Amino acid sequence: QVRLVERGGGLVQPGGSLRLHCVASGINFKIYTMAWYRQGPGKERELVAQIAADGATNYAESTQGRATISRDNARNTVFLQMSSLKQDDTGVYYCHTRSYGHDWWGQGTQVTVSS
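What comes next is a walk through the structure. In this text, all values refer to a predicted model and were calculated from it rather than measured experimentally.

### Concerning the state of the cysteines
Thinking step 1. Taken as a whole, this structure holds one disulfide when the rule is applied.
Thinking step 2. With its sulfur 2.2 Å from that of its partner, C22 forms a disulfide with C95. As the torsion about the S-S bond is roughly -85°, the C22-C95 disulfide counts as left-handed. Of the two residues, C22 sits in strand β3 (residues 18-25) while C95 sits in strand β9 (residues 91-99), which places them 73 residues apart along the sequence. Residue C22 shares its accessibility class with C95, and that shared class is buried.

Structure below.
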């Protein structure tokens, strides 16, 4: 059973930063692309960033330059660092991977950007 567990959300002031992490189990982590998605209030779930097994990264236009995704294969962990946070960054952030022909999601962690 694949399991993804996110940590690190919370309340952040506009202009602040955050670091999320997601620990994966049940998969050979190092060979899979990992991604962060988010879903804001009244919005559809959208990709924030993804990192391939070879370390290649891809970012959404809305977070380009403010987000950094990284991975630690020894700890089966993927990280998301975001800075210059805006109220539009508010939402539930989900860790994702696709393996065995199935999409796997974590339970999500709430990020609220507010003064």
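### Topic: the nonpolar core
A general trend in soluble globular proteins is that nonpolar side chains are found buried together.
Thinking step 1. Of all hydrophobic cores here, the largest spans 27 residues; its most connected members are W36, I69, V78, L80, M82 and Y93.
Thinking step 2. Element by element, the count of residues in this core is highest for β3, at four residues.
Thinking step 3. Residues contacting V78, with those up to four places away along its chain left out, are L20, H21, C22, F29, M34, W36, I51, I69, S70, R71 and C95.

### Quick notes on the packing of aromatic side chains
Thinking step 1. Taken as a whole and assessed by the stated rule, the structure comprises two aromatic pairs.
Thinking step 2. Measuring from ring centre to ring centre gives 5.0 Å for Y37 and W105, while their planes differ by 70°; the resulting arrangement is edge-to-face. Of the two residues, Y37 sits in strand β4 (residues 34-39) while W105 sits in strand β10 (residues 102-105), which places them 68 residues apart along the sequence.
Thinking step 3. Taken together, Y37, Y94 and W105 form an aromatic cluster joined through their ring pairs.
Thinking step 4. Taking NZ or CZ as reference, R19 lies 4.3 Å from the ring centre of F79, over its face.
Thinking step 5. Sitting above the plane of the F29 ring, R71 keeps its charged end 4.6 Å from the centroid.

### Describing the pattern of salt bridges
Thinking step 1. Following the criterion strictly, the structure yields five salt bridges and no others.
Thinking step 2. Measuring nitrogen to oxygen at the nearest pair gives 2.7 Å for the salt bridge that ties R38 to E46.
Thinking step 3. A residue is classified by how much of its surface remains accessible, and E46, at 34% relative accessible area, is partly exposed.
Thinking step 4. D89 is paired through a salt bridge with R66; the nearest N and O atoms lie 2.8 Å apart. Taken together, the residues span a long stretch of sequence, with D89 in the loop between β8 (77-82) and β9 and R66 in the loop between β6 (57-59) and β7 (67-72) at a distance of 23 residues. There is no split in this pair, since D89 and R66 are both buried.

What counts as what
- Residues numbered from 1 in each chain as written.
- Predicted model: local features only at pLDDT ≥ 70, side-chain atom pairs only at ≥ 80, totals over all residues.
- Heavy atoms only, no water.
- Disulfide = S-S within 2.5 Å.
- Helix = DSSP H or I, 4+ residues; strand = E, 2+ residues; numbered from the N terminus.
- Buried < 20%, exposed > 50% of the residue type's maximum accessible area, 1.4 Å probe, protein only.
- Core = buried A, V, L, I, M, F, W, Y, C linked by side-chain atoms within 4.5 Å.
- Contact = heavy atoms within 4.5 Å.
- Phe/Tyr/Trp six-rings, centres within 6.5 Å; stacked < 30°, edge-to-face > 60°.
- Lys NZ or Arg CZ within 6 Å of the ring centre and 35° of its normal.
- Salt bridge = Lys/Arg side-chain N within 4 Å of Asp/Glu carboxyl O.

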